[in-house]
Structures are given as C-alpha cells and as structure tokens.
Amino acid sequence: MSENGYETGRLNLPFVGISTFAKKPYVSDWDAIEADVAVLGAPFDFGTQWRPGARFGPRAVREASTLFSFGHAGAYDHEDDATYLGGDVRIVDIGDADIIHTKTTESHANIEFGVRKILEAGALPVTIGGDHSINIPCINAFSDVCERDGPIHVVQIDAHLDFVDERHGVTEGHGNPMRRAIEKPYVSGMTQLGIRNVSSTAKEGYDDARARGSDILSVRQVRKLGAEAVVARVPKGARIYVTIDIDAFCPSIAAGTGTPSHGGFLYYDVLEILQGLAAQNEVVGIDLVEVAPAYDQTESTQILAAQLLLNFLGFIFHAKAER
C-alpha cells in the first residue's frame, strides 16, 4: 500500500487541479486502461420526462469527489477498523462517452462502447449519469462478458420501478431501463429497493416485473426488514450489477434530481445495504444516475453521490481482499 501523498511535497488540496473522479489519473486512450476501477461519464439526459439537467451530473460528481482526495493512503474507518481504497486499488477516470444531442441510439451506443472497453480491460465499470436510460447501454455492454462468466443479477436502488415497456413509441427513456434489462437472457433477476409513491410504472408493470422474477421493496419495507435481511434476499454468491438512482434518497438530503420523491432513504439506509452486498456478492458493475446539480444550491446531492460511490468501492475491494 502506498504512503501518504504528502511525501511528494504537494499538499494538493481538493480545490486544486483538474476534477477527475477522486483526482485519480485520467486515461484518454481506451485501449490502454490498466486499472481495477474505471470511471466513465455518461452526460445524457434526453430520456427525462420532466426536469432535465442530469447531463451535468458526471461533472458535478467528479468535482464533489475531490473533497475525499486529500492524499491519504486510503481512508481509515474507525467503526470498521479498516482502511479502504489504499494504493493497492487502481482507479482511473476515462472521461465521458460522446453524446450526440437529440440522438438517443447513437449516444447510447457510445456509452455502451465505453463500458465494453472497461470490461475488456478487466476493470470494474463505474458509470456516472446522466438520466437512468444510460443503464440500458451499460447492461447491453455485458453481453459478451456474461456469455463467458455467467448471468448477472441487477440490484436497483430507486424511487421508481422504471419498468415501462413502451409509451408513445418510447422504449429507451428513463422509465424503461429495468424492463430492457430483464429482457436480456443474461439477467437472471432483479432486486428493486426504495420503490414508492407515484411511480413511473402502472400496476401492470409491477405484475410483469414480479412475474419475471423481481423482488420489489419500498423504503418502509426495507427499514422494517433491516439491511441484513434485505441483503439476504439477494441470491448469495450471484454476480450483481448495482444501479443507483439518486432519487432513491429523500429530497431533504438529495434535492438535486429531476424527479424528487419524498419518503426516501437516508444515507446509512443505503450504505449498510451496499456494504452487505459487497461482502456477499461479486459486484461486476455500477452506475449512479439522475444527479441534476442545478436543483441543489448546497451541492449536497453530488457530495452524497461521490461519497456513496467511494465508500461502495472501498467495501468491494476490502471484501475481495478478505475472501
């Protein structure tokens, strides 16, 4: 594990330098990715049905992530008595997928290409959206990997089910991704957590999701069960892909999103689930979506997103080292 960055002679405060994710190295050549984790921005929000602005999510989350990059050799957690994300975990930022305005198919194809390049390099893809439609190309990118390594189980943390099949010809908007995912032969099932209030999906969609193997829990149901019991409902040992919509959280701590929904999770509700999943399952991909920074002048939403991602990555690689 590397020593503290202070020994290089630079203080390198968060507000200094270029805002890559956690101030990690930028890799522009997608054929030369050598890392354990590669972060891809997907600044696409043409799939939104109400307030736009998530196209600025990747930039905002990257900037917020610099708060957690003081040059320490990892982050020590006194509750767990563990140091997370030491120098032995190589994280790089590969920039953004090319987005072609008004062109969903072409933009999604460029996002899929980026995720495929990360997977080809043997790294864990972390994609920052953008609206939730960017999950569609992310899941598409796993076709070859799953043919070799087996299916994936999708864990969704979200206020909305996002299980609409088609509405006025739209099949790849931000209300469609979970339906598109379950149609894949290499997606074995879903766990959908935090679903509540007025959803993007009608009752028929809920019935369809359950018939196809979805386990759907609201925030209140998750809290009643507790994190340990919720994690136990996810198939143990399954390879999982985790998609996090920031509107899963209560708007009181995550106002910066296009479709806020009151009654959402608080930070530790989700963090404890993610820590449990990292211990029980192999996490093969992550996306975090729907951060729209213009709606939160406090910037707390993007800080929450960055902190969540970094802690989750810490849990994943700590658990991997412990196995």
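Here the structure is shown first, and the text comes after it.
One structure accompanies this document, and this report is about it. None of these values were measured; they are calculated from a predicted model. (Residues numbered from 1 in each chain as written. Predicted model: local features only at pLDDT ≥ 70, side-chain atom pairs only at ≥ 80, totals over all residues. Heavy atoms only, no water.)

**Describing the overall build of the chain**
Thinking step 1. Scanning the chain from terminus to terminus reveals 10 helices and 10 strands.
Thinking step 2. On C-alpha atoms alone, the chain measures out to a radius of gyration of 18 Å, which is about the 20 Å that the 2.2 N^0.38 rule sets for 323 residues.
Thinking step 3. Taken over the C-alpha atoms alone, the chain extends approximately 60 × 45 × 45 Å along its principal axes.
Thinking step 4. Across the chain, contacts joining residues at least 24 apart in sequence account for 79% of those joining residues at least 6 apart.
Thinking step 5. Of the roughly 14300 Å² of accessible surface on the chain, 51% is carried by carbon and sulfur atoms.
Thinking step 6. Charged side chains of the chain number 28 positive and 44 negative; the gap between the two group centres comes to 4 Å. (Helix = DSSP H or I, 4+ residues; strand = E, 2+ residues; numbered from the N terminus. Rg over C-alpha atoms; globule rule 2.2 N^0.38 Å. Contact = heavy atoms within 4.5 Å. Areas by Shrake-Rupley, 256 points an atom, 1.4 Å probe, with all protein chains shown as cover. Lys, Arg positive; Asp, Glu negative; His and termini not counted. Charge placed at Lys NZ, Arg CZ, Asp CG, Glu CD.)

**Some details on the sheet that holds strand 1 (residues 37-42)**
Thinking step 1. Taken in spatial order, the 8 strands of this open sheet run 4-1-5-10-9-6-7-8, and their pairing is parallel. In the strand order of this sheet, the two ends are held by strand 4 (91-96) and strand 8 (214-217), each with one partner. For this sheet the average axis-to-axis angle between neighbouring strands, irrespective of direction, equals 15 degrees.
Thinking step 2. Inspection of the sheet shows strand 6 (residues 152-157) paired to strand 9 (residues 239-245) by 5 bridges, in the parallel sense. Looking across to strand 9, one finds that V155 is bridged to V242.
Thinking step 3. In this fold helix 2 (residues 104-120) packs onto strand 1, strand 4, strand 5 (124-129) and strand 10 (282-289), with an angle of close to 175 degrees to the strand it touches most, strand 1. (Pairing = 2+ DSSP bridges. Axes fitted to C-alpha atoms, helices over the stretch in contact; angles between N-to-C directions.)

**Describing the packing of helix 9 (residues 267-280) against helix 10 (residues 300-322)**
Thinking step 1. Viewed as axis vectors pointing N to C, helix 9 and helix 10 meet at an angle of 25 degrees, and their least axial separation amounts to 8 Å. Comparing their axes, helix 10 and helix 9 come out roughly parallel. As helix 9 packs across helix 10, the resulting crossing turns out to be right-handed. The segment helix 9 lies against helix 10, with Y267, V270, L271, L274, Q275, A278 and A279 engaging L304, Q307, L308, N311, F312, F315, I316 and A319.
Thinking step 2. For the contact of helix 9 with helix 10, the residue count by class is 12 nonpolar, 3 polar and no charged. (Parallel < 35°, antiparallel > 145°, perpendicular 65-115°, else oblique. Left-handed = near helix turned anticlockwise from the far one by under 90°. Nonpolar A, V, L, I, M, F, W, Y, C, P; charged D, E, K, R; others polar.)

**Brief notes about the packing of aromatic side chains**
Thinking step 1. With the rule as written, the count across this model stands at 5 aromatic pairs.
Thinking step 2. Ring centres of Y84 and F315 lie 5.4 Å apart, and the angle between their planes is 85 degrees; on these two criteria the pair is classed as edge-to-face. In this pair, Y84 is assigned in strand 3 (residues 82-84) and F315 in helix 10, connecting sequence segments 231 residues apart.
Thinking step 3. When its relative accessible area of 4% is taken as the criterion, F315 is described as buried. (Phe/Tyr/Trp six-rings, centres within 6.5 Å; stacked < 30°, edge-to-face > 60°. Buried < 20%, exposed > 50% of the residue type's maximum accessible area, 1.4 Å probe, protein only.)

**Let's talk about unusual backbone geometry**
Thinking step 1. The amide bond that connects G129 to the next residue, G130, takes the cis arrangement and shows omega of 25 degrees.
Thinking step 2. You can see G130 is positioned in the loop between strand 5 and helix 3 (135-140).
Thinking step 3. For D162, which is not a glycine, the phi torsion comes out positive at approximately 55 degrees.
Thinking step 4. In this fold, D162 is placed in the loop between strand 6 and helix 5 (177-182).
Thinking step 5. Non-glycine residue E299 carries a positive phi angle of around 70 degrees.
Thinking step 6. Residue position: E299 is located in the loop between strand 10 and helix 10.
Thinking step 7. Residue E299 is classed as partly exposed on the basis of its relative accessible area of 46%.

**Examining the pairing of strand 7 (residues 187-193)**
Thinking step 1. Taking burial as the measure, the 7 residues of strand 7 include 6 buried ones, the bulk of the element.
Thinking step 2. Note that strand 6 and strand 7 share 6 bridges and pair parallel. Bridging across to strand 7, I152 finds its partner in V187.
Thinking step 3. In the classification by handedness, the crossover that spans strand 6, the intervening helix 5 and the parallel strand 7 is right-handed.
Thinking step 4. In the sheet, strand 7 pairs with strand 8 via 4 bridges, with the strands oriented parallel. When the sheet's bridge partners are listed, T191 is paired in strand 8 with D215. (Right-handed = clockwise from strand over helix to strand, strands pointing away.)

**Regarding the packing of helix 1 (residues 57-65) against helix 10**
Thinking step 1. Running from N to C, helix 1 and helix 10 cross one another at 70 degrees; their axes reach a closest spacing of 8 Å. In terms of orientation, helix 1 and helix 10 fall into the roughly perpendicular class. The hand of the helix 1/helix 10 crossing is right-handed. Contacts between helix 1 and helix 10 involve A60, V61, A64 and S65 on the former and, on the latter, Q302, I303, A305, A306, L309 and L310.

**Concerning helix 2**
Thinking step 1. Between its terminal C-alpha atoms helix 2 stretches 24 Å, which fits the 24 Å expected from 17 residues at 1.5 Å a residue.
Thinking step 2. For helix 2, the complete set of buried residues consists of S107, H108, I111, E112, G114, V115, K117, I118 and L119.
Thinking step 3. Those residues of helix 2 that are buried lie in contact with strand 1, strand 4, strand 5, helix 3, helix 4 (143-149) and strand 10.
Thinking step 4. Directly after helix 2, the chain includes G122, whose backbone phi takes a positive value near 80 degrees. (Expected span 1.5 Å × (residues − 1).)

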